[in-house]
Amino acid sequence: WGRVAGVLHRSALLAGLAGEGRDSAVLEVMDREPAVVPPELPLEEVLRVLQSRPTHPVLVIGADGLEGMITLENLGELLEIAQSLGRTGTLRIRG
């Protein structure tokens, strides 16, 4: 395929299992339009994207394709670590 077709997040997985059963296909229940951000986007802006869809992960896609994925929980942990190290204000996503 060479590209991201979608993201299967927890709530979609559970809804698929409840509605279609164990034989439902990933393609039928996954989010086919996931949120996407570039790797150089400041984390504060990534936070805004995550807050608009808190149960959905955000894909980090650069020039060479998928570089990573971040969730609201991951970002919160990263910010806590950065704050404890005194490194707030300059954090960015890097591949």
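Look up a bit, the structure's there.
Keep in mind that this is a model prediction, so the values were computed, not measured.

This part covers the pairing of strand β3 (residues 65-70). In this structure, strand β2 (residues 58-62) lies alongside β3, joined through 5 bridges in antiparallel fashion. If you follow V60 over to β3, its bridge partner there is G68. Between β2 and β3, which follow one another and run antiparallel, lie 2 residues.

With that settled, consider helix α3 (residues 43-52). For α3, every residue scored as buried is listed here: L43, V46 and L50. Buried residues of α3 fall within an arc of 50° about the axis and therefore sit on the same side. The exposed set on the far side of α3, more than 90 degrees from its buried face, consists of E44, Q51 and S52. Taken together, the buried residues of α3 touch β1 (35-37), β2, β3 and α4 (72-85).

Our next topic: the packing of α3 against α4. Where α3 meets α4, the axes come as close as 10 Å, and the angle between the chain directions of the two elements is 150°. In terms of orientation, α3 and α4 fall into the roughly antiparallel class. Taken as a pair, α3 and α4 cross one another with a handedness that is left-handed. Taken together, the residues of α4 that come into contact with α3 (itself represented by L43, V46, L47 and L50) are L72, L75 and L78. By residue class, the composition of the contact of α3 with α4 is 7 nonpolar, no polar and no charged.

The 3 strands lie next to each other as β1-β2-β3, forming an open sheet whose pairing is mixed. Of all the strands in the sheet, just β1 and β3 have a single pairing partner and so form its edges. With direction set aside, neighbouring strand axes in the sheet form an average angle of 35°. Of the strands in this sheet, β1, β2 and β3 are in contact with α3, which crosses β1 at around 175°.

Here we take up the pattern of salt bridges. Under the definition given, this model contains 2 salt bridges. Across the salt bridge formed by R53 and D31, the nearest N and O atoms sit 2.4 Å from each other. Placement of R53 in the loop between α3 and β2 and of D31 in the loop between α2 (26-29) and β1 is noted, with a sequence separation of 22 residues between them. Given the relative accessible area of 26%, R53 is considered partly exposed. For R48, the salt bridge goes to E44, with nearest N and O atoms at 3.1 Å. Residue R48 and its partner E44 are located together in helix α3, separated by 4 residues, close to a single helical turn.

Definitions and limits used
Residues numbered from 1 in each chain as written. Predicted model: local features only at pLDDT ≥ 70, side-chain atom pairs only at ≥ 80, totals over all residues. Heavy atoms only, no water. Pairing = 2+ DSSP bridges. Helix = DSSP H or I, 4+ residues; strand = E, 2+ residues; numbered from the N terminus. Buried < 20%, exposed > 50% of the residue type's maximum accessible area, 1.4 Å probe, protein only. Arc of directions from axis to C-beta. Contact = heavy atoms within 4.5 Å. Axes fitted to C-alpha atoms, helices over the stretch in contact; angles between N-to-C directions. Parallel < 35°, antiparallel > 145°, perpendicular 65-115°, else oblique. Left-handed = near helix turned anticlockwise from the far one by under 90°. Nonpolar A, V, L, I, M, F, W, Y, C, P; charged D, E, K, R; others polar. Salt bridge = Lys/Arg side-chain N within 4 Å of Asp/Glu carboxyl O.

Spatial relationships are all this shows, so hold off on functional conclusions.
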